[in-house]
Amino acid sequence: MRQYEEQIEKLLSQMTLDEKIGQLTQMGANVLYGDIFEANTDYIKRGEIGSFIVGCTPTQLNELQRIAVEESRLGIPLLFAKDVIHGYRTIFPIPIAESCTWDMNLAEKSAYAAAKEASASGLHWTFSPMVDIARDSRWGRIAEGAGEDTYLQCRIAEAKVKGYQGDDIADRDRLIACAKHFVAYGAAIGGRDYNSVDMSLETLYEIYLPPFQAAIDAGAESVMTAFHDFNGVPCTGNEYLLKTVLRENMGFDGVVISDSCSVRELVVHRMARDEAEAAKYSITAGTDVEMHTTTYRENLKKLCENGEIDVRIVDDAVRRVLSLKFRKGLFDNPYVDETREKKEVFTAENLDLALKIAQDSIVLLKNENQSLPLAKNIKKILVAGALAYSKEDMLGCWAACGKAEECISIYEGIKNRFAECEIYKAEDIDDAVIKAAACDAVIAVVGETRDMSGEAKSRASQKLSKEQSLLLSALSHTGKTLITIVVAGRPLVLTEEEKLCSSMIMAWHLGTQAGNALANILAGDVSPSGKLTTTFPSADGQTHMYYNHNNTGKPARDDFFATSKYIDAPIKPLYPFGYGLSYTTFSYNNLKINNKDLRVGEKLYGSVEITNTGDFDGAEVVQLYISQLYARKVRPVRELKWFNKVFIRKGETIKVEFELDTSTFGYYNSSAGYVNDGEMFKITLSPSSEGGLEDIINLIK
Ligand code: GLC
């Protein structure tokens, strides 16, 4: 923030109050919603808009910018923003899918690839990464984050911010990142999007804040407030969250932007009587920029003039926005080189990366009798299910400028890869059953269309449609090897369908290269290596089955009635966090901990040997969990604290070494203070959040 201080203060001193408030106003400019120029040109000339969330061509953006720079009084350039969530034109797997790669290098690379494409098209700012922890698969936005675990989400938040921003946001192929939605959006009551969130400070600090801290520590330049009310106060007008927590406790000094219309929604929340109060509460709480509505533009001037708001609050918000613009280099070069888009968007390099990430996002859930990979001599394959032929649905939610016609459908991918085979489509269930008879293998694609997850897409049920269940049931009676591919933006309830097939693959929404990635996995060109980052419930209603739960005084058991469970559902989820199969198998041996008695703050060192005991080379995600055996505040049965993805050739053994800082073994108490009371911990090295090799350490305070 110190950079450009002189220029900022000089500019601020020249600005009228209207021009200052203009910098805090972000409007939409999207050619899809009619002519963008009439709606906004006058405001731009008067310096009363500071940024746009856009859907425009580079030429149109340069024209908007020209008006601001050449026709407004002070010539302050505009910032152009967009939701570039998992790619710009080359679409990568949706974030929940990419998180299953557990590969931070890939996470960073896809963000950088998206930044290169988006910046070449004139954008400066993306509203990404979404770092909301999601423990409820009814919530549609579980698709946009990295699942249920705080430690993993922190690592991904860091990777994404680095990928978008690089070392200097002024670099022309980088974007300003925005950690969202502050805070605890995924804990909405009932998994219903936008609904209230009510939780203890301990849970807030332990589960939901760390990914934002990770993003801030990685240099995130902006944070977006969430729509919901948090413990009764809407986040956008929540002074405790935005000032005490975000600014003072977490040290964030960047720009805070509202979510779309969330300032005005303080009236709907019934926190504000009218839009003037909504503006007053929001700016006072610490929301710098108002997105999509104009309560700031229409009310802040009068509120300052009548003394209801101290104009210094406005000045501080404007300083942060101007600092962002100066450090983005907009005052030096506000225009995009319009020749870049043709050369830097949808490149072969980005498509190769999208293929690699899509392949590594795929999670093999079941593979009875090694039905996969398909036999080399296979001749006839039936590919059934409407989603198999869909290009559009491979895009997933929030697909920026991705084009359906540029996506490879699952059917197309299989036809490309198995070119020497006869590949059959099916019109409907009857047609599928008939054609299955003549085939060596049947691939059925089921799950969710792209519009069944993402924003405002919460579902009361996570089951497949009746039509899809009937298709699987009918095909399971043909006596053919049935391979089920599930595409979706969330964990689904697959308990019944899982029994019907030999193999089951979780393929999420994999983006532009979906079909090619799946075909390569089916052919065995690459072994699946994805591991789930969200628990898959075994029944509708079996919510909040996240792995890092407390033991309770009556942990779930089948053999005793009075334990914590549902009487009408299994006590365990269908698939746990961290789970995923490979075409090969791995064995874990010789866990060694070098220092079992250590002080809080010292490093824990150790190693474990992993052997590839199968017939394929493969990658394994080695996971380290801690379990504090006793504490004044009960601790989760397991907490992920380290992981490493390793590639092991068949028959080989490698020694995987770990080192982690025990100062992260603590927890938050009721006053949100961090406590690290020395105690005994179980350390587990495992291929998932269940099982594994264990040892005990003694952590002394
Ligand atoms: C939406 C979303 C937010 C997005 C913003 C701009 O409502 O909640 O994630 O960045 O509006 O599109």
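Before reading further, recall that the structure is shown in the block above.
Residues numbered from 1 in each chain as written. Predicted model: local features only at pLDDT ≥ 70, side-chain atom pairs only at ≥ 80, totals over all residues. Heavy atoms only, no water.

Some thoughts on the overall build of the protein
Moving on, step 1. Secondary structure assignment for the protein yields 21 helices and 26 strands.
Moving on, step 2. The C-alpha radius of gyration computed for the protein amounts to 26 Å, which stays within 12% of the reference 27 Å derived for 701 residues, consistent with globular compactness.
Moving on, step 3. On the principal axes, the C-alpha backbone points of the protein span a range of 75 × 60 × 45 Å.
Moving on, step 4. Each of the 701 residues in the protein was classed as buried or not, and the buried ones make up 61%.
Moving on, step 5. Of the contacts formed within the protein by residues at least 6 apart in sequence, a portion of 77% connects residues at least 24 apart.
Moving on, step 6. Here the protein displays about 26400 Å² of accessible surface, and carbon together with sulfur accounts for 49% of that area.
Moving on, step 7. A distance of 2 Å separates the average location of the 78 positive side-chain charges in the protein from that of its 99 negative side-chain charges. (Helix = DSSP H or I, 4+ residues; strand = E, 2+ residues; numbered from the N terminus. Rg over C-alpha atoms; globule rule 2.2 N^0.38 Å. Buried < 20%, exposed > 50% of the residue type's maximum accessible area, 1.4 Å probe, protein only. Contact = heavy atoms within 4.5 Å. Areas by Shrake-Rupley, 256 points an atom, 1.4 Å probe, with all protein chains shown as cover. Lys, Arg positive; Asp, Glu negative; His and termini not counted. Charge placed at Lys NZ, Arg CZ, Asp CG, Glu CD.)

Thoughts on the packing of aromatic side chains
Moving on, step 1. Tallied over the full model, the rule gives 23 aromatic pairs.
Moving on, step 2. A ring pair is formed by Tyr151 and Phe643, whose centres lie 6.0 Å apart and whose planes are at 85 degrees; its orientation type is edge-to-face. Taken together, the positions of Tyr151 in helix α7 (residues 150–165) and Phe643 in strand β21 (residues 639–648) put the pair 492 residues apart, joining distant regions of the chain.
Moving on, step 3. Residue classification places Tyr151 among the partly exposed residues on the basis of a relative accessible area of 22%.
Moving on, step 4. According to the relative accessible area criterion, Phe643 is buried, its value standing at 12%.
Moving on, step 5. The interplanar angle of 40 degrees and the centroid separation of 5.4 Å between the aromatic rings of Tyr205 and Tyr668 together place this pair among those described as tilted. In this pair, Tyr205 sits in helix α8 (residues 201–208) while Tyr668 sits in strand β23 (residues 667–668), placing the two residues 463 residues apart along the sequence.
Moving on, step 6. Of the aromatic side chains, those joined through ring pairs into one cluster are Trp102, Tyr151, Tyr547, Phe577, Tyr625 and Phe643. (Phe/Tyr/Trp six-rings, centres within 6.5 Å; stacked < 30°, edge-to-face > 60°.)

Details of the sheet that holds strand β1 (residues 25–30)
Moving on, step 1. Judged by pairing direction, the sheet is parallel, and its five strands sit side by side in the order β4-β3-β2-β1-β10 without closing on themselves. Strands with a single pairing partner mark the edges of an open sheet, and in this sheet they are β4 (125–126) and β10 (290–291).
Moving on, step 2. Bridge count for strand β3 (residues 79–82) against β4 is two bridges, and the pairing is parallel. What sits directly across from Lys82, in β4, is Thr126. (Pairing = 2+ DSSP bridges.)

Quick notes on the site of the ligand
Moving on, step 1. Close contacts around the ligand come from 13 residues, with Asp83, Arg141, Lys180, His181 and Asp259 the closest.
Moving on, step 2. A distance of 2.6 Å separates an oxygen atom of the ligand from a polar side-chain atom of His181.
Moving on, step 3. One of the side-chain nitrogen or oxygen atoms of Glu455 is found 3.0 Å away from an oxygen atom of the ligand.
Moving on, step 4. Its free accessible area being 310 Å², the ligand has 92% of it covered by the protein chains.
Moving on, step 5. The class makeup of the residues in the shell around the ligand is six nonpolar, two polar and five charged. (Near = heavy atom within 4 Å. Polar contact = N/O pair within 3.5 Å; in protein donor to acceptor, adjacent residues only side chain to side chain. Nonpolar A, V, L, I, M, F, W, Y, C, P; charged D, E, K, R; others polar.)

Topic: the pairing of strand β2 (residues 51–55)
Moving on, step 1. Along β2, five of the five residues are buried, which leaves the element largely enclosed by surrounding structure.
Moving on, step 2. By the alternation rule, side chains of β2 split into Ser51, Ile53 and Gly55 and Phe52 and Val54, which are all buried.
Moving on, step 3. Sheet analysis places β1 next to β2, joined by five bridges and oriented parallel. Bridging across to β2, Asn30 finds its partner in Gly55.

Considerations on the environment of Trp125
Moving on, step 1. Structurally, Trp125 is set in strand β4.
Moving on, step 2. For the pair Trp125 and Glu239, spaced 114 residues apart in sequence, the C-alpha to C-alpha distance is 25 Å.
Moving on, step 3. Ignoring any residue separated from it by four or fewer positions in sequence, one finds Trp125 in contact with Gln26, Ser51, Leu79, Phe80, Ala81, Lys82, Leu175, Ile176, Ala177, Cys178, Ser222 and Ile257.
Moving on, step 4. Among the polar contacts listed, one links the side chain of Trp125 to the side chain of Ser222, at a separation of 3.0 Å.

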